[in-house]
Amino acid sequence: ETGVTQTPRHLVMGMTNKKSLKCEQHLGHNAMYWYKQSAKKPLELMFVYSLEERVENNSVPSRFSPECPNSSHLFLHLHTLQPEDSALYLCASSQVTAGGGEQFFGPGTRLTVL
Amino acid sequence: AQSVTQPDIHITVSEGASLELRCNYSYGATPYLFWYVQSPGQGLQLLLKYFSGDTLVQGIKGFEAEFKRSQSSFNLRKPSVHWSDAAEYFCAVGESGAGSYQLTFGKGTKLSVIP
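Residues numbered from 1 in each chain as written. Chains lettered and ligands numbered in written order. Predicted model: local features only at pLDDT ≥ 70, side-chain atom pairs only at ≥ 80, totals over all residues. Heavy atoms only, no water.

Draft legend 1. Local environment of the environment of Ser14 of chain B. Here Ser14 of chain B lies in strand S2 (residues 10-14). In sequence terms Ser14 of chain B and Val113 of chain B are 99 residues apart; their C-alpha atoms lie 5.5 Å from each other. (Helix = DSSP H or I, 4+ residues; strand = E, 2+ residues; numbered from the N terminus.)

Draft legend 2. Focus on the layout of surface pockets. All names here are of chain B. Reported here for the largest pocket is a volume of approximately 670 Å³. Looking at the lining of the largest pocket element by element, the count peaks at 3 residues for strand S10 (residues 87-94). Of the residues assigned to the lining of the largest pocket, the class counts are 8 nonpolar, 9 polar and 6 charged. (1 Å grid on protein atoms, 1.4 Å probe; cavity = no way out; pocket = protein on both sides within 12 Å on 5 of 7 lines; lining within 4 Å. Points joined across faces, edges and corners; volume = space filled by probe spheres on them. Nonpolar A, V, L, I, M, F, W, Y, C, P; charged D, E, K, R; others polar.)

Draft legend 3. Representation of the state of the cysteines. Residues and elements named next belong to chain A. Scanning all chains against the criterion turns up 2 disulfides over all chains. Sulfur-sulfur distance for the disulfide between Cys23 and Cys91 comes to 1.9 Å. Between Cys23 and Cys91 the sulfur-sulfur dihedral comes to about -75°; the bridge is accordingly left-handed. Of the two residues, Cys23 is situated in strand S3 (residues 18-25) and Cys91 in strand S9 (residues 87-94); the sequence distance between them amounts to 68 residues. In terms of burial, Cys23 and Cys91 fall into one category: buried. (Disulfide = S-S within 2.5 Å. Buried < 20%, exposed > 50% of the residue type's maximum accessible area, 1.4 Å probe, protein only.)

Draft legend 4. Structural context of the nonpolar core. Residue and element names in this part refer to chain B. Core analysis: the biggest nonpolar cluster contains 26 residues, and Leu19, Trp35, Leu47, Leu48, Phe74, Leu76 and Tyr89 have the highest contact counts within it. A per-element tally of this core places S10 first, with 4 residues. Other than its neighbours up to four places away in sequence, Phe74 contacts Cys23, Leu33, Phe34, Trp35, Leu48, Tyr50, Ala65, Glu66 and Phe67. (Core = buried A, V, L, I, M, F, W, Y, C linked by side-chain atoms within 4.5 Å. Contact = heavy atoms within 4.5 Å.)

Draft legend 5. Region of the structure containing the sheet that holds strand S1 (residues 4-7) of chain A. All names here are of chain A. One open sheet holds the 4 strands; their spatial order is S1-S3-S8-S7, and the pairing between them is antiparallel. With one partner strand each, in any of the chains shown, S1 and strand S7 (64-70) form the two edges of the open sheet. When the angles between neighbouring strand axes are averaged without regard to direction, this sheet yields 20°. (Pairing = 2+ DSSP bridges. Axes fitted to C-alpha atoms, helices over the stretch in contact; angles between N-to-C directions.)

Written out as structure tokens, the structure reads:
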């Protein structure tokens with residue numbers, strides 16, 4: 001595997017389900033990100049982990065719970081979601097250096113909440 | 001805080017025609033600038049980036065962009081568009097300070113290509 005991988009690619013869940021999204025980066029980066037991309041809305045940064053510590057949490061509802069067990073893996077745990085949470089969830093990684101490191105994105109998980 | 005404006009939501013061009021996608025940014029210092037492309041249902045792929053030096057940046061797939069500080073712009077260009085270029089394009093600005101990592105994205109410009 002190369003780059004940034006995400007599983008599953010598609011997920012359909014009911015509002016009472018609990019599921020997790022997984023992201024793995026094979027680039028040796030030290031920062032990882034979760035984004036939400038909804039139709040007709042700009043890319044929304046949800047969480048940032050730098051050196052495995054959460055450094056950003058942009059007012060995301062508590063029904064989304066991130067976990068970063070090591071620098072290569074990032075999870076997004078989902079529970080009691082709402083239909084408006086249906087979106088493409090993108091994971092990205094970067095190398096935090098002197099600034100401005102480009103982010104490399106995974107293919108995304110298309111989430112549908114019924 | 002930085003911001004990015006992509007004034008064109010949707011652009012349609014004929015195959016073989018030239019293309020320019022506009023991007024304006026707001027940032028107090030010298031920004032780090034990026035263009036990404038996204039095909040339907042896929043993640044974002046980096047086309048090119050500007051950190052410093054030559055203000056005309058070459059990227060993949062025949063794209064280039066020019067950083068114009070006086071206009072706070074970083075427009076993306078391609079001299080001859082191919083049907084496979086149909087996708088959504090995102091401009092992004094990053095902080096230039098030490099340890100910075102966050103990017104701010106524009107809302108994107110969807111490109112349609114007419115055969």
